[in-house]
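A look at the structure
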Amino acid sequence: MSASLSAAQLGVEKNHLTSSILLWVRADQPRQTGMDHWKGPHSGIISATPGLEECRQIHLAEHNPGRWPATDGVQTWIPADRKIDGVAEVTFQSALAPLKGRKQTKLAHADEINVFRRTLLYAGPPNSSRWYDVAGPDEAVGARTLIHLRRRDGVGAVEFRKFVNQQLVPALADAAALKELRTQTCPPWSEKLWDTPNVAHDNPLISEFMPPSCSGSATAQQGAHSSPATRSRA
């Protein structure tokens, strides 16, 4: 990999329609019980959804203080109650594919109370999720890092999206020999997108992991760069 990559030099393997759901398991039972249910029965419900291209779970460590260093003017701390247990990433084959999965979605809604205490869904329009071709043949991904960004007040959605695609992505790719790099940009969060019963969907601005406007996340092996245009948590 070159010493300094530009956005043009990084090949976009695919553009996608992806939803990311931030998940907190129930606190009234052992954490591992919830993680096992998510990995097992709940995963079976989601993976049976017609029209899926990929469905994956990213399980995070129980004791995860965040890895982004303190930065002046950038919010990097994570309140204890807002530390997520994992993220479900669901990628569809087309913009109409979610309509095919309404039956499975209904089952997933009913099952959430068995495992989760809070769920927050972020979804962007078609082609708002990008997978970059950074790995060599047959290279397996090891550890993953999630970087959640919230754009600064006064920064437009188009400007923020350009920052993610043209500055953050090359910086991440240049930071290490990555085996996976994906980004997703989303419009303002809306509870109506995923208002499942008997599960919390509280997402106050002061505690949001991802923005009330356009957002980005990258899956990588390590580190990244910050920018005055963003506020981040990792």
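The preceding data block contains the structure.
Below or above, wherever it landed, is the structure these notes cover. Note that the coordinates shown come from a computational prediction; the quantities given were computed from them, not determined experimentally. (Residues numbered from 1 in each chain as written. Predicted model: local features only at pLDDT ≥ 70, side-chain atom pairs only at ≥ 80, totals over all residues. Heavy atoms only, no water.)

**Considering the side chain of arginine 82**
By the secondary structure assignment, arginine 82 is in the loop between β2 (52-59) and β3 (86-92). Judged by relative accessible area, which is 4%, arginine 82 ranks as buried. In terms of polar contacts, arginine 82 uses its side chain to reach the backbone carbonyl oxygen of aspartate 202, at 3.0 Å. (Helix = DSSP H or I, 4+ residues; strand = E, 2+ residues; numbered from the N terminus. Buried < 20%, exposed > 50% of the residue type's maximum accessible area, 1.4 Å probe, protein only. Polar contact = N/O pair within 3.5 Å; in protein donor to acceptor, adjacent residues only side chain to side chain.)

**Digging into the packing of helix α1 (residues 31-47) against helix α3 (residues 102-111)**
Across the interface, α1 lies against α3 with an axial gap of 8 Å and an inter-helix angle of 155°. The angle between α1 and α3 falls in the class roughly antiparallel. Seen from α1, the contacting residues are His37, His42, Ile45 and Ile46; seen from α3, they are Gln104, Leu107, Ala108 and Asp111. Taken together, the residues that form the contact of α1 with α3 break down as four nonpolar, three polar and one charged. (Axes fitted to C-alpha atoms, helices over the stretch in contact; angles between N-to-C directions. Parallel < 35°, antiparallel > 145°, perpendicular 65-115°, else oblique. Contact = heavy atoms within 4.5 Å. Nonpolar A, V, L, I, M, F, W, Y, C, P; charged D, E, K, R; others polar.)

**Some points on the environment of proline 125**
Structurally, proline 125 can be placed in the loop between β4 (116-123) and β5 (129-132). Counting along the chain gives 106 residues from proline 125 to serine 19, while the straight-line C-alpha distance between them is 9.5 Å. Residues in contact with proline 125, not counting those within four places in the same chain, are His16, Leu17 and Pro187.

**Remarks on the environment of threonine 33**
With respect to the secondary-structure elements, threonine 33 resides in helix α1. For threonine 33, a relative accessible area of 40% gives the class partly exposed. C-alpha of threonine 33 to C-alpha of valine 115: the two residues are 82 residues apart in sequence and 8.1 Å apart in space.

**A look at the nonpolar core**
Of all hydrophobic cores here, the largest spans 15 residues; its most connected members are Leu149, Leu172 and Leu181. Those elements that provide at least two residues to this core are β6 (145-151) and α4 (157-175). Considering each element in turn, this core owes the most residues, seven residues, to α4. With 11 residues, the next largest nonpolar core counts Ile21, Ala88, Val115 and Ala123 among its residues. (Core = buried A, V, L, I, M, F, W, Y, C linked by side-chain atoms within 4.5 Å.)

**Observations regarding the pattern of salt bridges**
Think of it this way: side chains of opposite charge can pair up when their charged atoms draw near. Applying the stated criterion to the full structure yields 10 salt bridges. Put simply, arginine 56 and glutamate 89 hold a salt bridge, and the shortest N to O gap is 2.8 Å. Placement of arginine 56 in strand β2 and of glutamate 89 in strand β3 is noted, with a sequence separation of 33 residues between them. Residues arginine 56 and glutamate 89 agree in their burial class; the two are buried. (Salt bridge = Lys/Arg side-chain N within 4 Å of Asp/Glu carboxyl O.)

**Section: the packing of aromatic side chains**
A complete count under the given rule lists two aromatic pairs for this structure. Look at tryptophan 38 and phenylalanine 116: their rings are 6.1 Å apart centre to centre, the planes differ by 75°, and that puts the pair in the edge-to-face class. Separated by 78 residues along the polypeptide, tryptophan 38 in helix α1 and phenylalanine 116 in strand β4 bring together distant segments of the chain. The pair formed by tryptophan 38 and phenylalanine 116 is uniform in burial state, with each residue classed as buried. Summarising the aromatic geometry, the rings of phenylalanine 160 and phenylalanine 163 are spaced 6.2 Å apart at their centres and angled 45° between planes, so their arrangement reads as tilted. Placement of both phenylalanine 160 and phenylalanine 163 in helix α4 is noted, with a separation of three residues, approximately one turn of the helix. Both residues of the pair, phenylalanine 160 and phenylalanine 163, belong to the buried class. Taking the ring centre of tryptophan 131 as reference, the NZ or CZ of arginine 182 above it sits at 3.6 Å. (Phe/Tyr/Trp six-rings, centres within 6.5 Å; stacked < 30°, edge-to-face > 60°. Lys NZ or Arg CZ within 6 Å of the ring centre and 35° of its normal.)

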